[in-house]
Amino acid sequence: MKLRTAAFFILSLNLISCGPVNSDNISTAKRLHDDAELQFQSAYLALATGKLKNNRPETRYPWPFEVLSIGHTMSSYQNYGGNPYFHHGLDIRGDAGADVLASAGGKVVNIENYVAGLAPYWEVAVLDEQGFLWQYHHVDKDSIPDEIWQAFRNKTSISQGTKIGEIYYWPVVTYGERYHHVHLNILDADSNYLNPFAFLEELPDQKSPQIEEIGLLKNGRLSEGNIVSGDYTIYAKVHDLILHDKFVVPPYEISYSVDGSDPITVWKFDNIPGGGSREQYVSQFFNPSMTCGSYRCRELVIDLGFTTSGTNYFTDAIGPHTIEIHTRDFVGNATSATFHWQVQ
Ligand SMILES: [Zn+2]
């Protein structure tokens, strides 16, 4: 295990000798991983034929291993020094070496070292019987059973619950924990990223999302106080926790009403706003000057003026106004908060 970790850092940092895990190699390691993942495209994605009705699959499947916590959701903000992007899949935390069992049966359509030469970045992909593509990332290559390799070579199917490998020993520590996980993407016929929570059994998540702060935004910057004029929007600093006390993630859904209006949904993460694009809209949905998402920082500020067709500025009617903001996680835990401001 130690050898493998050392080998990873030698490769990722081009060091002649390896050193201890420190904050510099944490960010370098992750940036390397994610830039490579952004370039990851394969012809096999065209095999997917699945399309969801009402954003929900017909079945909910078992988790691939015992879930310790959720590290990131599809809506998580990620910025490791390159272009920011939505995390687009689910980081399912488990023990290193735990068996990864296929949540859905189907054809093994890919086994690939998608960052060539780096051991943490092996994928096993399964096309389920509904035509959805399940990409399991960070499977330990040495643990992928012969049966899975054979199914890949022969283009045959495996049944639900078949072992596809084991969780890789993750080389990076974040928030005091070694980040062993499988990153799971689920894609449809148009290569849109879908929310894996919709496909997997409900988690015993009791914590509601929190709204930590609400305020005014002018030209993408915090506007102090609660008096405003001209074009402006409103932000909400939010966080949610799923079976963990530090791995902050965004809520599944955020909506609001102004002065008692019908609720307006800013976004509901059945998919990401860019569909198949991880980067599109991320710096409009999150306020980039107040948001971070990396191994060292998780601060999430949502611009409630976000729409996919441009900024929706708030009311310019002179006088006092009230916004009520609602957030909800995938299992339905909900929180609301209110903010008052004055247009002059
Ligand atoms: Zn991930």
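As the structure is a prediction and not an experimental result, all values here were calculated from the model.

1. Topic: the overall build of the chain
Piece 1. Each helix and strand counted, the chain has five helices and 25 strands in total.
Piece 2. Looking at the chain as a whole, 40% of its 344 residues qualify as buried.
Piece 3. Sequence-distant contacts, at least 24 apart, represent 69% of the contacts inside the chain between residues at least 6 apart.

2. Thoughts on the nonpolar core
Piece 1. Ranked by size, the top nonpolar core spans 75 residues in total, and within it V124, V126, W134, V139, A236 and I302 carry the most contacts.
Piece 2. By residue number, the principal contributor to this core is strand 7 (residues 122-128), which donates five residues.
Piece 3. No fewer than three residues from each of domain 1 (2-199) and domain 2 (210-343) sit in this core.
Piece 4. Apart from residues no more than four positions distant in its own chain, W134 is found in contact with S103, A104, A125, V126, D128, L184 and I186.

3. Re the sheet that holds strand 23 (residues 301-303)
Across a sheet, paired strands are connected by hydrogen bonds in the backbone, their directions being either parallel or antiparallel.
Piece 1. Sheet architecture is open: four strands sit in the order 16-15-18-23, paired in antiparallel fashion. The sheet terminates laterally at strand 16 (221-223) and strand 23, the two strands that pair on one side only. The sheet shows a mean angle of 50 degrees between the axes of neighbouring strands, direction not considered.
Piece 2. As judged from the seven bridges shared by strand 15 (residues 210-218) and strand 18 (residues 233-239), these two strands associate in the antiparallel manner. Residue pairing for strand 18: I214 is matched across the bridge by A236.

4. Considerations on the confidence of the model for the chain
Piece 1. Mean pLDDT for the chain: 90, with 88% of residues reaching 70 or above.
Piece 2. Note that pLDDT drops below 50 for residues 1-28; the model gives that stretch 35 contacts with residues more than four away or on any other chain.
Piece 3. Between residues 31-36, whose pLDDT stays under 50, and residues either more than four places distant or in other chains, the model counts 13 contacts.

5. Quick notes on unusual backbone geometry
A negative phi holds for most residues other than glycine; trans holds for most peptide bonds.
Piece 1. Positioned with a positive phi, H138 is a non-glycine residue whose angle comes to about 75 degrees.
Piece 2. Mapped onto the elements of the fold, H138 is located in the loop between strand 8 (133-137) and helix 3 (146-154).
Piece 3. For H138, a count of 25 C-beta atoms within 10 Å gives the class buried.

6. Overview of the pairing of strand 20 (residues 264-268)
Side chains on a regular strand alternate between the two faces of the sheet.
Piece 1. Relative to strand 20, strand 19 (residues 253-258) runs antiparallel, the two being bridged by four bridges. Looking at the pairing, Y256 lines up with I264 of strand 20.
Piece 2. The turn linking strand 19 back onto strand 20 is made up of five residues, and D259 within it adopts a positive phi angle of 50 degrees.

7. Remarks on the sheet that holds strand 17 (residues 227-228)
Piece 1. Strands sit in the order 17-25-24-19-20 across an open sheet of five strands; the sheet is mixed. Two strands in the sheet have a free side with no partner beyond their single neighbour: strand 17 and strand 20.
Piece 2. Bridge analysis of strand 19 against strand 24 (residues 319-328) gives six bridges, and the strand direction is antiparallel. Its bridge partner lying in strand 24, E253 is registered against R328.

8. Digging into the environment of N185
Piece 1. Assignment of secondary structure puts N185 in strand 13 (residues 181-187).
Piece 2. With 48 residues separating them in the primary sequence, N185 and H137 have C-alpha atoms 8.2 Å apart.

9. Overview of the pairing of strand 6 (residues 106-113)
Piece 1. The sheet contact formed by strand 6 and strand 7 spans seven bridges and is antiparallel. Pairing of E112 across the sheet is with E123, part of strand 7.
Piece 2. Pairing analysis gives two bridges linking strand 6 to strand 9 (residues 157-158), with the strands arranged antiparallel. Across the sheet, G106 pairs through a bridge with I158, a residue of strand 9.

10. A look at helix 3
Piece 1. Those residues of helix 3 that sit buried are I148, A151 and F152. Looking straight down helix 3, one finds that the buried residues subtend no more than 100 degrees of arc, so they occupy a single side. Of the exposed residues in helix 3, the ones pointing more than 90 degrees away from its buried face are D146, Q150, R153 and N154.
Piece 2. Here the buried face of helix 3 lies against strand 6, strand 7, strand 9 and strand 10 (163-166).
Piece 3. Positioned one or two residues after helix 3, K155 has a phi angle of 55 degrees, which is positive.

11. What to know about the environment of L241
Piece 1. Relative to the elements of secondary structure, L241 occurs in the loop between strand 18 and strand 19.
Piece 2. Considered as a pair, L241 and P251 are 10 residues apart in the sequence and their alpha carbons are 8.9 Å apart.
Piece 3. In this view, L241 contacts K207, F247 and V248; residues no more than four positions away in its chain are not counted.

Conventions we followed
Residues numbered from 1 in each chain as written. Predicted model: local features only at pLDDT ≥ 70, side-chain atom pairs only at ≥ 80, totals over all residues. Helix = DSSP H or I, 4+ residues; strand = E, 2+ residues; numbered from the N terminus. Buried ≥ 20, exposed ≤ 12 C-beta atoms within 10 Å, placed from the backbone. Contact = placed C-beta atoms within 7 Å. Core = buried A, V, L, I, M, F, W, Y, C linked by C-beta atoms within 7 Å. Domains from an automatic or database assignment. Pairing = 2+ DSSP bridges. Axes fitted to C-alpha atoms, helices over the stretch in contact; angles between N-to-C directions. pLDDT = per-residue confidence, 0-100. Arc of directions from axis to C-beta.

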